[in-house]
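Reading the structure
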Amino acid sequence: FAFRCSPQWEVTCPSSPTSPLPLLVFLTGSDRIPIYGMSSLRIIIQSTTSGEQYLPVAHTCYNLLDLPKYSSKEILSARLVQAIDHYEGFSLA
């Protein structure tokens, strides 16, 4: 799964057999593709003033991603993967 966060940067997120769309789950809180397909999904990415040491934050109710201004694609990718790996979701168990 890849997304473009600026004209110069495209970030590809890893997937696994148990969670093929980890970025989708992180951003929306759901592992289901919308009924009208991925093209109907509107994700808002907004820049934050927090530093590079901070992770991206997803607001799942609004499909909103708060993304700090990272100085490189590699830092962006590493922080995004770290945030996705530590995402716990809405587990009710």
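Residues numbered from 1 in each chain as written. Predicted model: local features only at pLDDT ≥ 70, side-chain atom pairs only at ≥ 80, totals over all residues. Heavy atoms only, no water.

Position of Ala58 relative to the elements: it lies in strand E4 (residues 57-59). Overall, the relative accessible area of 22% leaves Ala58 in the partly exposed class. In this structure the C-alpha to C-alpha distance between Ala58 and Ala83, which are 25 residues apart in sequence, comes to 9.2 Å. Apart from the residues within four sequence positions on either side, Ala58 is in contact with Phe26, Leu27, Leu64 and Leu65. (Helix = DSSP H or I, 4+ residues; strand = E, 2+ residues; numbered from the N terminus. Buried < 20%, exposed > 50% of the residue type's maximum accessible area, 1.4 Å probe, protein only. Contact = heavy atoms within 4.5 Å.)

With respect to the element layout, Asp66 can be found in strand E5 (residues 64-68). As a buried residue without a salt bridge, Asp66 has its nearest oppositely charged side chain in Lys69, at a separation of 13 Å. Within the structure, the side chain of Asp66 is placed 2.7 Å from the side chain of His59, a separation counted as a polar contact. Beyond its immediate chain neighbours, meaning those up to four positions away, Asp66 contacts Gln46, Thr48, Pro56, Val57 and His59. (Lys, Arg positive; Asp, Glu negative; His and termini not counted. Salt bridge = Lys/Arg side-chain N within 4 Å of Asp/Glu carboxyl O. Polar contact = N/O pair within 3.5 Å; in protein donor to acceptor, adjacent residues only side chain to side chain.)

It is worth spelling out the UniProt feature "active site" (unreviewed entry) in the protein at this point. When the UniProt feature table is mapped to this numbering, "active site" (unreviewed entry) covers Cys61. Checked against the element boundaries, Cys61 lands in the loop between E4 and E5. (UniProt positions renumbered as here; feature names shortened; annotations may be inferred.)

The next thing to look at is the packing of aromatic side chains. Scanning all chains against the criterion turns up one aromatic pair. Ring centres of Phe26 and Tyr87 lie 5.7 Å apart, and the angle between their planes is 85°; on these two criteria the pair is classed as edge-to-face. Within this pair, whereas Phe26 is found in helix H1 (residues 22-28), its partner Tyr87 is found in the segment after helix H2 (73-85), the two being separated by 61 residues in sequence. Owing to a relative accessible area of 6%, Phe26 belongs among the buried residues under this scheme. By relative accessible area, which is 27% here, Tyr87 ends up partly exposed. (Phe/Tyr/Trp six-rings, centres within 6.5 Å; stacked < 30°, edge-to-face > 60°.)

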